[in-house]
Amino acid sequence: MSEGKSQHNFMTLQFAAKSENESFARVAVAAFISQLDPTMDELSDLKTVVSEAVTNCIIHGYDSNPEGIVKIEASIDGDIITLCIEDDGRGIEDLEMAKQPLYTSKPELERSGMGFTIMENFMDEFEVVSQPGSGTSIKMKKRIESKKALYN
Amino acid sequence: MNLHVDMEHHRHVLIVRLSGELDHHTADSVRLQLDEAIQRRQTEHLVLSLKDLEFMDSSGLGVILGRYKFIKQKGGKMAVCDVKPQVYRLLEMSGLFKIMPIYENEGTALSGLEVVS
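Remember, it's a predicted structure, so these values are computed and weren't measured experimentally.

Quick notes on the rules
Residues numbered from 1 in each chain as written. Chains lettered and ligands numbered in written order. Predicted model: local features only at pLDDT ≥ 70, side-chain atom pairs only at ≥ 80, totals over all residues. Heavy atoms only, no water. Helix = DSSP H or I, 4+ residues; strand = E, 2+ residues; numbered from the N terminus. Rg over C-alpha atoms; globule rule 2.2 N^0.38 Å. Buried < 20%, exposed > 50% of the residue type's maximum accessible area, 1.4 Å probe, protein only. Contact = heavy atoms within 4.5 Å. Areas by Shrake-Rupley, 256 points an atom, 1.4 Å probe, with all protein chains shown as cover. Lys, Arg positive; Asp, Glu negative; His and termini not counted. Charge placed at Lys NZ, Arg CZ, Asp CG, Glu CD. Buried area = accessible area lost by both parts, 1.4 Å probe. Salt bridge = Lys/Arg side-chain N within 4 Å of Asp/Glu carboxyl O. Polar contact = N/O pair within 3.5 Å; in protein donor to acceptor, adjacent residues only side chain to side chain. Pairing = 2+ DSSP bridges. Axes fitted to C-alpha atoms, helices over the stretch in contact; angles between N-to-C directions. Disulfide = S-S within 2.5 Å. UniProt positions renumbered as here; feature names shortened; annotations may be inferred. Phe/Tyr/Trp six-rings, centres within 6.5 Å; stacked < 30°, edge-to-face > 60°. Lys NZ or Arg CZ within 6 Å of the ring centre and 35° of its normal.

A. A look at the overall build of chain B. When helices and strands are counted, chain B shows four helices and five strands. Listed by position from the N terminus, the elements making up chain B come as β-β-α-β-α-β-α-β-α. In summary, chain B has a C-alpha radius of gyration of 13 Å against a globular reference of 13 Å for 117 residues, a match within 12%. Taking the principal axes of the C-alpha coordinates as reference, chain B spans close to 30 × 25 × 20 Å. The 117 residues of chain B split such that 55% are buried. Sequence-distant contacts, at least 24 apart, represent 69% of the contacts inside chain B between residues at least 6 apart. When the accessible surface of chain B is split by element, carbon and sulfur atoms take 48% of a total near 5,500 Å². Here chain B holds 14 positive side-chain charges and 16 negative ones, and the gap between their average locations is 6 Å.

In structure tokens:
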């Protein structure tokens with residue numbers, strides 16, 4: 001088996017919009033990425049952004065309705081990991097407002113308003129596409145400074 | 001449930017040790033347990049010890065900020081201590097250290113709060 005950097009790999013995951021699935025989503029993505037041999041910091045950054053995006057789908061996309069479905073697509077191209085996390089929920093009306101640090105549309109739920117800021121900070125690329133009434137999709141990329149590369 | 005809350009009262013200071021993962025799923029239970037303890041006991045100050053907190057996201061930031069407001073409104077102080085690097089980055093990014101001191105361990109946090117109180 002060759003482990004060339006040109007290798008492409010992907011996985012898709014769909015699950016009920018239930019909060020108990022947040023840790024499952026983090027662990028599943030982390031396990032998929034582990035083939036790139038990421039550092040502990042990279043792994044915890046990726047787990048954090050998955051948690052943020054999935055929580056947004058559940059709380060904001062579906063208003064905590066467990067009938068909603070959250071979809072995660074993860075792919076690996078060489079040392080780049082791409083994550084696409086999406087819902088078919090209510091969408092975001094004012095995206096610029098939503099991206100402001102500390103802004104939250106649900107202060108009554110004690111949300112910190114830091115989700116998008118964290119995703120932007122922890123990933124190399126971050127893009128939100130949202131259509132009010134039909135859902136939100138977040139696409140993020142990060143280059144993994146593979147430990148394997150360091151030792152070679 | 002993969003989050004455990006351990007609480008200890010030290011004079012008027014409530015020491016809360018969180019272990020496991022603090023996310024949206026576990027946040028509600030932490031919030032309820034802390035608010036109940038703060039109200040039931042004569043808590044003035046709160047020390048949050050995060051030595052064994054393996055994971056936290058922005059839902060955890062919401063819980064910490066919410067308890068800060070609650071304690072502050074009652075005239076008390078709040079501090080965090082023993083924070084792992086992953087959690088530290090989030091606290092720093094959110095600007096939390098502008099409103100709340102951070103200590104190395106529970107001992108220095110307790111004496112720190114007693115000095116300022």
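B. Spatial organisation of the interface of chain A and chain B. Each side of the interface is counted separately: chain A has 25 residues, and chain B has 22 residues. Where chain A abuts chain B, roughly 1,900 Å² becomes buried across the two surfaces, and 52% of that area is made up of carbon and sulfur atoms. Of all residues in chain A, A:Arg26, A:Glu110 and A:Ser112 bury the most surface against chain B, accounting for 28% of the area lost on that side. In this assembly, chain A and chain B are joined by five salt bridges. Here chain A is connected to chain B by 14 residue pairs in polar contact (both at pLDDT 80 or more). Here the side of chain A that touches chain B takes nine residues from helix H2 (residues 40-61) of chain A, the largest share from any one element.

C. Up close: the sheet that holds strand E2 (residues 69-77) of chain A. Residue and element names in this part refer to chain A. The strand order across the open sheet built from five strands is E1-E2-E3-E5-E4, with neighbouring strands paired in antiparallel fashion. A strand with exactly one partner marks an edge of an open sheet, and here the two such strands are strand E1 (8-16) and strand E4 (125-131). On average, each strand axis in the sheet is inclined to that of its neighbour by 10°, with strand direction left out of account. Bridging between strand E3 (residues 80-87) and strand E5 (residues 135-143) involves eight bridges; their strand directions are antiparallel. Residue isoleucine 85 lies in a different strand from E5, and its bridge partner there is isoleucine 138.

D. Region of interest: the state of the cysteines. In this structure the tally under the stated criterion is zero disulfides over all chains. Of all cysteine sulfurs, the one in A:Cys84 lies closest to A:Cys57, which takes part in no disulfide; the gap is 9.7 Å.

E. How the structure looks around the UniProt feature "domain: Histidine kinase/HSP90-like ATPase" (unreviewed entry) in chain A. Per the UniProt record, "domain: Histidine kinase/HSP90-like ATPase" (unreviewed entry) is found at residues 41-146 of chain A. End-to-end, the C-alpha atoms of residues 41-146 of chain A are 12 Å apart, and along that stretch the chain is 32% helix and 31% strand.

F. Fine view of the packing of aromatic side chains. Applying the stated criterion to the full structure yields three aromatic pairs over all chains. Geometrically, the ring pair formed by A:Phe15 and A:Phe24 is edge-to-face, given 6.0 Å between the ring centres and 90° between the ring planes. In this structure A:Phe15 comes out as buried when scored by relative accessible area, which is 7%. The lysine or arginine in question, A:Arg26, covers the ring of B:Phe55, its NZ or CZ lying 4.1 Å from the ring centre. The side chain of B:Lys74 reaches across the aromatic face of B:Phe70, ending 5.8 Å from its centre.

G. Region of the structure containing the pattern of salt bridges. In total, this model carries 17 salt bridges over all chains according to the counting rule given. Among the salt bridges present, the one from B:Arg31 reaches A:Glu110, with a minimum N-O distance of 2.6 Å. Of this pair, B:Arg31 sits in helix H1 (residues 24-40) while A:Glu110 sits in the loop between helix H3 (95-99) and helix H4 (115-122), placing the two residues on different chains. Accessibility classification places B:Arg31 together with A:Glu110 in one group, the buried group. Taken together, the salt bridges that share partners define one network made up of A:Glu110, B:Asp28, B:Arg31, B:Asp35 and B:Arg67.

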